[in-house]
Amino acid sequence: MSQPLAERLRPRTLDDYIGQRHLVGEGAVLRRMIDSGRISSFILWGPPGVGKTTLAQIIAHRLETPFYTLSAVTSGVKDVRDVIEKAQKGRFFNEASPILFIDEIHRFSKSQQDSLLGAVERGIVTLIGATTENPSFEVIRPLLSRCQLYVLKPLEKDDLLQLLHRAITTDIILKERQIELKETDAMLRYSGGDARKLLNILELVVESEPDGQPVTITDEMVVTRLQQNPLAYDKDGEMHYDIISAFIKSIRGSDPDAALYWMARMIEGGEDPQFIARRLVISASEDIGLANPNALLLANAAFDTVMKIGWPEARIALAEAAVYLATSPKSNSAYLGIDAALSLVRQTGNQPVPLHLRNAPTQLMKQLGYSDGYLYPHDYPGHFTTQQYMPDALTNERLWHGQHNPSEEKLYQRMVSYWGKRYEE
């Protein structure tokens, strides 16, 4: 049985690698590191099918260093220690450290990650981790602090078209089939920037046509074939990101039925309950926000229930949270506010803190005017008095814009009563 197309077409060199030019293009950070012959430990974070595993293999081949791979799903602490021991014994003096590649590193437990820490610190191995999840949530802080983090992006349209052309012209099997890519929009749309998914779709469509006959690929043909084989283009269950997107957008769009449906799809697909719970907490903050602050409390309670109770009972708490969030009023004012604040900080740099807002723990600081003139709000009627809190150069900046739902309207009107024209829209 021949290898799948995605495996047959896996690049062996950086010159054949498609996409991620911000990391491996001429002069880019990873390219410079690889060209120097020495790399430090790093973690590749990005969606499925964008080249994380391929990039790690190319680096190992280019550096001609021992390459060890561990599966985060099947490996335990003993497996980690065995690999580290092999790496230590097989390394010659002044030779580059062996590379330890861990795919799906976010699935490693804390104890497994702890067992890696010493070897990474001492340079016994150079760790390359790959993850589809935010490492800030899933990788322990001491390990994360010893690794660079590189973000891989979904492949662009031009990258995907280049990949399709390479497949039909260079693959040992496909180049014999006389394939014409008459239309590609459907393949690109279904792939979602995932190279492996795109090649799976191409392979499925070509295999569905009689041997020995030319194949003309159209959008209608692709849609028909995928409807007949709804899972064939997604052999590794990588609709994960499509479904979580549909789940979150159903909550944001106030459709509890759709939210429950997509949650059921995730549950039946074997999704990690903690992943669902985390997305509920994010949605409560991002999409419901100040329109119903209780949503964040309930989402956190659902997360806590998942951790304490486990499956299958925790599905009820997740469903309760999903329905509550979907049926809640919506506001993204806090989300927009922090993004506006971050943008302002990046534009204006480190503005000095006004003297009256600074602490004055020493006599010298008092002499310099620290804290001088600060008005303690609790000493005033209504626990409020007008004074400047923004840096001198930014006194007129407005970052939070209240949205006029019943809950948030009260907060907004309070700000109008305090600050007057500054908050009058």
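Here the structure is shown first, and the text comes after it.
What you are looking at is a predicted structure, and each value in this text was computed from that prediction instead of being measured.

Undergrad: Explain the sheet that holds strand β2 (residues 67-71) residue by residue, including any values.
TA: One open sheet holds the five strands; their spatial order is β2-β3-β4-β1-β5, and the pairing between them is parallel. Looking at the sheet topology across the chains shown, the edges are occupied by β2 and β5 (148-151). In this sheet, adjacent strand axes meet at a mean angle of 20° when their direction is disregarded. With four bridges joining them, strand β1 (residues 42-45) and strand β4 (residues 126-131) adopt parallel strand pairing. Across the sheet, the residue bridging to L44 is A130, located in β4.

Undergrad: Could you give me a rundown of the layout of surface pockets, with the residues and numbers involved?
TA: Roughly 460 Å³ of volume is contained in the second largest pocket. What lines the second largest pocket is a set of 18 residues, among which W45, T132, Y241, I244 and R279 lie closest to the centre. Residue assignment for the lining of the second largest pocket shows that the elements contributing at least two residues are α13 (240-252) and α15 (273-288).

Undergrad: Just give me the short version of the pairing of strand β3 (residues 99-103), but keep the residues and values in it.
TA: Residues in a regular strand point their side chains to alternate faces of the sheet. Within β3, four of the five residues are buried, which leaves it mostly tucked inside the rest of the structure. Where β2 lies against β3, five bridges are found, and the strand directions are parallel. Residue pairing across strands places S71 opposite D103, the latter belonging to β3. Sheet topology places β3 next to β4; five bridges connect them, and they run parallel. Across the sheet, I102 pairs through a bridge with G129, a residue of β4. A crossover links β3 with its parallel partner β4, the connecting element being helix α6 (residues 110-121), and its sense is right-handed.

Undergrad: Can you break down the environment of K89 residue by residue, with the values?
TA: Relative to the helices and strands, K89 is located in helix α5 (residues 77-90). Taking the C-alpha atoms as reference, K89 lies 9.7 Å from I124; in sequence the two are 35 residues apart.

Undergrad: Lay out the pattern of salt bridges in plain terms, naming residues and giving numbers.
TA: The final tally for this structure, using the stated rule, is 17 salt bridges. For K308, the salt bridge is made with D304, and the minimal N-O distance between the two is 3.0 Å. Of this pair, K308 and D304 both sit in helix α16 (residues 294-309), four residues apart, which is roughly one turn of the helix. Exposure remark for K308: the relative accessible area of 63% places this residue in the exposed category. Since its relative accessible area comes to 36%, D304 is described here as partly exposed. Connected through salt bridges with shared partners, the residues D15, E26, R31, D35 and R62 form a single ionic network.

Undergrad: Hey, could you go over helix α3 (residues 29-36) for me, with residue numbers and the actual values?
TA: Given 3.6 residues per helical turn, the α-helix brings residues three or four places apart onto the same face. Restricting attention to buried positions, one finds in α3 the residues L30, R31, M33 and I34. Burial along α3 is one-sided: seen end-on, the buried residues are contained in an arc of 165°. Looking at the buried residues of α3, the elements they touch are α2 (21-24), β1, α4 (52-63) and β5. At the exit of α3 stands G37, carrying a positive phi of roughly 85°.

Undergrad: Outline the packing of aromatic side chains, supporting the account with residue identities and numerical values.
TA: Using the criterion set out here, one finds six aromatic pairs in the structure. Centroid distance Y261 to W262: 4.8 Å. Interplanar angle 75°. Geometry classified as edge-to-face. Among the aromatic residues, ring-to-ring pairing joins F384, Y389, Y418 and W419 into one connected group. Positioned above the aromatic ring of Y190 is the side chain of R189, whose terminal nitrogen or guanidinium carbon lies 5.6 Å from the ring centre. Here the basic side chain of R422 rests over the ring of W419, its NZ or CZ set 4.7 Å away from the ring centre.

Calculation rules
- Residues numbered from 1 in each chain as written.
- Predicted model: local features only at pLDDT ≥ 70, side-chain atom pairs only at ≥ 80, totals over all residues.
- Heavy atoms only, no water.
- Pairing = 2+ DSSP bridges.
- Helix = DSSP H or I, 4+ residues; strand = E, 2+ residues; numbered from the N terminus.
- Axes fitted to C-alpha atoms, helices over the stretch in contact; angles between N-to-C directions.
- 1 Å grid on protein atoms, 1.4 Å probe; cavity = no way out; pocket = protein on both sides within 12 Å on 5 of 7 lines; lining within 4 Å.
- Points joined across faces, edges and corners; volume = space filled by probe spheres on them.
- Buried < 20%, exposed > 50% of the residue type's maximum accessible area, 1.4 Å probe, protein only.
- Right-handed = clockwise from strand over helix to strand, strands pointing away.
- Salt bridge = Lys/Arg side-chain N within 4 Å of Asp/Glu carboxyl O.
- Arc of directions from axis to C-beta.
- Contact = heavy atoms within 4.5 Å.
- Phe/Tyr/Trp six-rings, centres within 6.5 Å; stacked < 30°, edge-to-face > 60°.
- Lys NZ or Arg CZ within 6 Å of the ring centre and 35° of its normal.

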